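Summary of structural features
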Amino acid sequence: MQLSIVIVNYNVKDYLHLCLDSVTASIQNLDAEIIVVDNASIDGSAAMVRDLFPQVILIANKDNVGFSKANNQGVAVAQGEYVCILNPDTVVGENTFNDVYAFAKAQQKLGIIGVQLVDGTGRFLPESKRNVPTLKVSLNKMIGDARHYYASHLTNDEIGEVSVLVGAFMFMPRAVYTEVGGFDERYFMYGEDIDLSYTVLQAGYVNYYLGDTAIIHFKGESTVKDKRYRKRFYGAMQLFYDKHLYKNVLQQTLVRLGLGIAKGKSWITHFKNQTVIKDHQKIKEYILLSNNDDLTRKLSQSVNNTVVTQNELSTVKSGQEILFDAQYTGYEKIIKEIITHASSGVSYKLIPKKSTFAIGSNSSEGRGEVITFEIE
């Protein structure tokens, strides 16, 4: 088998549905499998996978065992030559895995491959490519200076070597994952992708960023950036520093003191929450890309507004919400359209095939919204 895609899910059923729909379309030309590890979700995620995606291998945990352990569970049953760790709040194009697989096969000493991540409005997510977060780099990042935190030696669209990739998409040889022991299970959530990236580098492999391949990462769907979030994040960074960078007692003491203070500081720029206006409060016009008249009628009823159907998306204007019917427009084109019109004041929602909802997010700092409807 060529590829195993491992998705760890926790209470994001509708995003998981969208993700699985896009992944299924993306592996049509590969010998691949999809493995979902559900961490005791209470929103019906596991039942949705069983009912709508019976081809998916489902591991339904009775407890939330965390991101690291759940991914290790998934890779343990994987059969692919390569594995891809993928977040459930992502959308991939029909060519994503073909392109990344082809790049992987051409490399020597391959470690991890990451791709360009954009949020739900097409804005580039800089964590797609990062440097090793030394204490100085991380402290500067927390006070607003991120010049050395992100891998700025590459433009967003370039291909090249980087040190650290993001756990939302990590593609690598399964043998390398196994050799380095996979994710360190001491990380419950946050920091495990930094640790794995660095561990792979230390083992003599090369990590790559593929800027010419873009996917959507809605982000923020499983994360509320509150006091508990800060505690977990800084606890993860302390583990990373103790494990890899700072060995003597003085260094460890200074790191722990600094991180201990940071855990309780809500003013740190890295964790500022934005006030997010709900989508429906600022929508002036709804545009649906589809050829389904029944879908148009049902959506108009759901949003209590007229939904205009178009065949193509030519121009957009601020205040519009674009609804993409994935049955009509492929995910590859959807992603390109969203990136093309990024920062235009337009919002987007995607309708997975054979679904009764449209979903999207306008901010990486908060949860998105779902429009539900019924098809007769």
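In case you missed it, the structure is sitting above this.
Small disclaimer: the values here were computed from a predicted structure and weren't measured.

**Side note on the nonpolar core**
Counting residues in each nonpolar core, the largest one holds 37 residues, and the members touching the most others are L86, F97 and F171. Among the elements that make up this core, the one with the highest residue count is helix α4 (residues 96-105) (5 residues). If you look at the next biggest cluster of nonpolar residues, it comprises 26 residues, including V8, I59, M170 and Y205.

**Some remarks on the packing of aromatic side chains**
Two measures describe an aromatic ring pair: the distance that separates the ring centres and the angle between the ring planes. Counting across every chain of the model gives 8 aromatic pairs. Ring plane angle 65 degrees and centroid distance 5.6 Å describe the contact between F67 and F183, whose orientation is recorded as edge-to-face. Residue F67 is located in helix α3 (residues 67-77), and its partner F183 is located in the loop between α6 (174-179) and α7 (192-202); the two are separated by 116 residues in the primary sequence. Across this residue pair, the class does not change: F67 and F183 are buried. Both rings, one in F103 and one in Y208, keep their centres 5.3 Å apart while their planes meet at 75 degrees; by these two values the pair is edge-to-face. With F103 in helix α4 and Y208 in strand β9 (residues 206-217), this pair connects stretches of sequence that are 105 residues apart.

**Here we look at unusual backbone geometry**
Unlike most non-glycine residues, N304 shows phi in positive territory, near 55 degrees. The topology assignment puts N304 in the loop between α10 (293-303) and β11 (307-310). Taking the relative accessible area as the measure of exposure, N304 reaches 73% and is therefore exposed. Despite not being glycine, K354 shows a phi value in the positive range, around 55 degrees. Within the secondary structure, K354 is located in the loop between β13 (347-351) and β14 (357-360).

What counts, and where the lines are drawn
Residues numbered from 1 in each chain as written. Predicted model: local features only at pLDDT ≥ 70, side-chain atom pairs only at ≥ 80, totals over all residues. Heavy atoms only, no water. Core = buried A, V, L, I, M, F, W, Y, C linked by side-chain atoms within 4.5 Å. Buried < 20%, exposed > 50% of the residue type's maximum accessible area, 1.4 Å probe, protein only. Helix = DSSP H or I, 4+ residues; strand = E, 2+ residues; numbered from the N terminus. Phe/Tyr/Trp six-rings, centres within 6.5 Å; stacked < 30°, edge-to-face > 60°.

Honestly, it's all geometry; don't read function into it.
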